[in-house]
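What the coordinates show
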Amino acid sequence: MLFASFVATAILAAQMAHAQPTVSLLIDHGFPSTGALNLGSVLQQVSTKKGQAFHFGSTYDSYDADQSWFTSTFANFFKHVVSENGCKWDATEPSQGTSSLTECLACQSFATQIGATFRGHNTFWHSQLPTWLPGSFSASQIVGTIIPQHVQAEIQGMGASVTSWDVVNEVVGDGVSSGMTALQCVQNKGDWPTVTADGSGKPLVTDLSFLYAAFKTAFQFAGSSTRLAINDYNTGGAEAKTACVITVLKDIQANTSIPFNRLSVGFQSHLTASTGGFDSKSALASTFSTLNALGVNAMITEMDIELNSNSAANLRYQAAIWGDYLDACLYAANCNEFISWDPRDDLSWRGTAAAATLFDSSGNPKPA
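Residues numbered from 1 in each chain as written. Predicted model: local features only at pLDDT ≥ 70, side-chain atom pairs only at ≥ 80, totals over all residues. Heavy atoms only, no water.

The chain is annotated in an unreviewed UniProt entry as Beta-xylanase of Roridomyces roridus. Regarding the chain, the UniProt comment filed under Sequence similarities (unreviewed entry) reads as follows: "Belongs to the glycosyl hydrolase 10 (cellulase F) family." According to the UniProt record, the Catalytic activity (unreviewed entry) comment for the chain reads "Endohydrolysis of (1->4)-beta-D-xylosidic linkages in xylans." (UniProt positions renumbered as here; feature names shortened; annotations may be inferred.)

Listed below in structure tokens is the structure:
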């Protein structure tokens, strides 16, 4: 990934000295490093400045422990809620044709109770599928019935107030190269439904009709201001995968006629605090600008930053990276959602030792 030259130099020097580069943080310059964390008024000011609502939040599941911490932290700091698991396909359609939105609705209800907003994740993903999928369904059944029925039931059932939906999640391959067509970008992934699930690699859906079906249905049943996203990891800067995601989005628009201003790209941003583990602020800004020229919204959807250790230097470096990503979003006219993935280290999918979130395992805020 790309770095500004001065950052690259600092990192190289730090690696030679076996330490993280020295960074300058707001808390070094008179900004508070202790006290109450209440972002309500700040977020209102940001929204006023941007001319539209700016959403800052994290993931939540109603069955997580320490609900009192969740209630306080989300009410005052994370003002935007994403269900980590409750809106995925295995939870929402456990048997074919049976919609079960219990946990997804519980997370949305939690958001409503604390005065927060809610976004949806996700309606189509090749992972965390119910036991009846992938099954032995034909391509026409998948595209014509299974996907539209599921997307309609979930999006219609969750209502018009959802700020955005990850309509499709992780559909672009990791081995893509520059100049690939949209179909090549998706076929490179090698996952159902473009191949059968038996490991043979045999093609199943041989075009992008499954994406069109998901987005057409989402557009039909989502709220009039709900943004519809393609969401993926290892994206954000000048990578071939980022170019592929944008190519796929353009193809979806061309084949569904959904207005660009209703579409969005979600940059998951699962990062590491090491060389090549994140994109520079300038690279992010360039990507956001490219999308803005199309009228497409950009979102940071699943941010966390893994550390080798939770030393003071590593925690400061983590804070600096977090600050750059947030800056890139704040200063982009088309970036209005910023989501941390897992609110604290003991709940992180990357493991407690990775120290990848904004709060430690006791719920205490880090320098970030």
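There's more to say after this.
On to the environment of alanine 53. Along the chain, alanine 53 falls in the loop between α2 (40-50) and β1 (55-60). Setting aside chain neighbours within four positions, we find alanine 53 in contact with Ser47 and Asn336. (Helix = DSSP H or I, 4+ residues; strand = E, 2+ residues; numbered from the N terminus. Contact = heavy atoms within 4.5 Å.)

For the coordinates displayed, the defined rule picks out one cavity of 30 Å³ or more. Roughly 60 Å³ of internal volume is contained in the largest cavity. Lining the largest cavity, in full, are Phe124, His126, Glu170, Val171, Val186, Lys189, Asp191, Trp192, Pro193, Thr194 and Phe210. (1 Å grid on protein atoms, 1.4 Å probe; cavity = no way out; pocket = protein on both sides within 12 Å on 5 of 7 lines; lining within 4 Å. Points joined across faces, edges and corners; volume = space filled by probe spheres on them.)

To continue, consider the UniProt feature "domain: GH10" (unreviewed entry) in the chain. Those places that UniProt annotates as "domain: GH10" (unreviewed entry) correspond, in this numbering, to residues 40-368. Taken end to end, residues 40-368 comprises 38% helix and 16% strand; its first and last C-alpha atoms sit 18 Å apart.

With respect to the secondary-structure elements, glutamine 108 resides in helix α5 (residues 102-113). Taking relative accessible area as the criterion, glutamine 108 reaches 11% and is therefore assigned buried. Leave out the neighbours within four places in its chain, and glutamine 108 touches Phe118, Met158, Ser161 and Val162. (Buried < 20%, exposed > 50% of the residue type's maximum accessible area, 1.4 Å probe, protein only.)

On to the layout of surface pockets, then. The computed volume of the second largest pocket comes to approximately 190 Å³. For the second largest pocket, the full set of lining residues is Gly40, Leu43, Gln44, Ser47, Ala53, Phe54, His55, Phe56, Lys79, Gly115, Ala116 and Thr117. Within the residue set of the lining of the second largest pocket, elements represented by two or more residues are α2 and β1. It is α2 that contributes the most residues to the lining of the second largest pocket, four residues altogether. In terms of residue class, the lining of the second largest pocket is built from five nonpolar, six polar and one charged. (Nonpolar A, V, L, I, M, F, W, Y, C, P; charged D, E, K, R; others polar.)

With that settled, the discussion passes to the state of the cysteines. As enumerated under the stated definition, the model contains three disulfides in all. Two residues, cysteine 185 and cysteine 244, share a disulfide whose sulfurs are 1.9 Å apart. Around the S-S axis, the bridge from cysteine 185 to cysteine 244 shows a dihedral of about -75° and counts as left-handed. Of this pair, cysteine 185 sits in helix α7 (residues 182-187) while cysteine 244 sits in helix α9 (residues 240-256), placing them 59 residues apart in sequence. Across the pair, cysteine 244 and cysteine 185 agree in class, each one buried. In this model, cysteine 329 is linked to cysteine 335 through a disulfide, with the two sulfur atoms separated by 2.0 Å. Handedness here is read from the sign of the S-S torsion; for cysteine 329 and cysteine 335, about -90°, the answer is left-handed. In this structure cysteine 329 comes out as buried when scored by relative accessible area, which is 0%. Sequence-ordered numbering of the bonded cysteines in the chain gives a disulfide pattern of 1-2, 3-4, 5-6. Not part of a disulfide, cysteine 107 finds its nearest cysteine sulfur in cysteine 87, a span of 6.2 Å. The exposure class assigned to cysteine 107 is buried, which follows from its relative accessible area of 0%. (Disulfide = S-S within 2.5 Å.)

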